Amino acid sequence: MRALALIFCFLLPGCFPCLLHAEEADKTPPSTVPVSVNWGAKAGFTAALSLINGFSIGGAPVEEVQNNYRVGYLASVFMRINFGRHFLQTEASYNVNLCDISFNKPQTETPPLGSGIINEEASISSEIRSIDIPVLYGYNFIKQGSYQMAFFAGPKIRLLLDRKSNIIFRNFDEDDIKEELYPMGLSFTLGVSVTISPIFFDFRYDIGMLNLTKQLSGNEVYYERRDNVLSFSLGIFF
């Protein structure tokens, strides 16, 4: 018993500081990731690619379609929520996408041999205006002071402005063909950005997920379309 009492006398004074240190450690607040919010605006250029599916005229399929790129434009404002190297960004963007497609009209009847008939070319010229609202997740894989490089991705809702859009059919046998668009589309966005504060460059590719064509007024023409859009923009953080 005397031996146990001596051992406790030696150990207890050394244990008290350890217990006190453990209690103080428990009271230390956990480290938190700083959160900040940026606002900004950007403007740039677009190049749209119309992907036409099930294209036929008078029941005859159109085999090959040539995309002729035209330069459109965009302007947007955005909010970015930063937490460490990660961020969430949402935008409201006004887009004007321009695209022409051309093709040889299919022959509804087989021409006689030696007739020398040359295929006629027709085209569809599109000017589609929309309000785009993406929600993007991004990660800064380089973040050193005012210099940052990031990739981002996320879904985008497109509110199509059918009345302000203009689609022209050239050299079709049927007159007064009109295309009506769905009021809403959906895309998926992939992109990269380079920031040299407060200026940044934004390069992205939008992949159309849904058919945009609601109906065609003509009885002889049928197709469905999706639009993929390549864009480049220059912006500034406020």
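Residues numbered from 1 in each chain as written. Predicted model: local features only at pLDDT ≥ 70, side-chain atom pairs only at ≥ 80, totals over all residues. Heavy atoms only, no water.

Visitor: Explain the environment of Pro 134 residue by residue, including any values.
Guide: One can find Pro 134 in strand E6 (residues 121–144). On the basis of relative accessibility, which here comes to 1%, the residue Pro 134 falls in the buried class. Taking the C-alpha atoms as reference points, Pro 134 and Phe 78, 56 residues apart in sequence, are found 9.7 Å from one another. Once you skip the residues sitting within four places of it in the chain, Pro 134 turns out to touch Gln 89, Thr 90, Glu 91, Pro 155, Lys 156 and Arg 204. (Helix = DSSP H or I, 4+ residues; strand = E, 2+ residues; numbered from the N terminus. Buried < 20%, exposed > 50% of the residue type's maximum accessible area, 1.4 Å probe, protein only. Contact = heavy atoms within 4.5 Å.)

Visitor: Go over the pattern of salt bridges, please, and point to the residues and values.
Guide: The full count for this structure, using the stated rule, is 13 salt bridges. Taking the shortest distance from any N to any O, the salt bridge between Glu 120 and Lys 105 comes out at 3.7 Å. Here the residue Glu 120 occupies a position in the loop between strand E5 (86–104) and E6, and Lys 105 occupies one in the loop between E5 and E6, the gap between them amounting to 15 residues. Residue classification places Lys 105 among the buried positions, given a relative accessible area of 8%. (Salt bridge = Lys/Arg side-chain N within 4 Å of Asp/Glu carboxyl O.)

Visitor: Run through the nonpolar core, naming residues and quoting values.
Guide: In terms of nonpolar packing, the biggest core is built from 19 residues, with Phe 55, Phe 103, Ile 124, Phe 169, Phe 172, Val 221 and Tyr 223 touching the most fellow members. Those elements that place two or more of their residues in this core are strand E1 (35–57), E5, E6, strand E8 (166–170) and strand E13 (221–237). Apart from residues lying up to four places away in sequence, Tyr 223 is in contact with Ile 52, Asn 53, Gly 54, Phe 55, Ile 124, Phe 169, Glu 179, Thr 213 and Leu 216. (Core = buried A, V, L, I, M, F, W, Y, C linked by side-chain atoms within 4.5 Å.)

Visitor: Provide a residue-level description of the pairing of E6, including the pertinent values.
Guide: Strand residues, when the strand is regular, have side chains that alternate between the two faces of the sheet. Across 17 bridges, the pairing between E5 and E6 is antiparallel. Pairing of Phe 103 across the sheet is with Ala 122, part of E6. Bridge count between E6 and E8: 5 bridges; the pairing is antiparallel. Note that in E8 the partner of Ser 126 across the bridge is Ile 167. (Pairing = 2+ DSSP bridges.)

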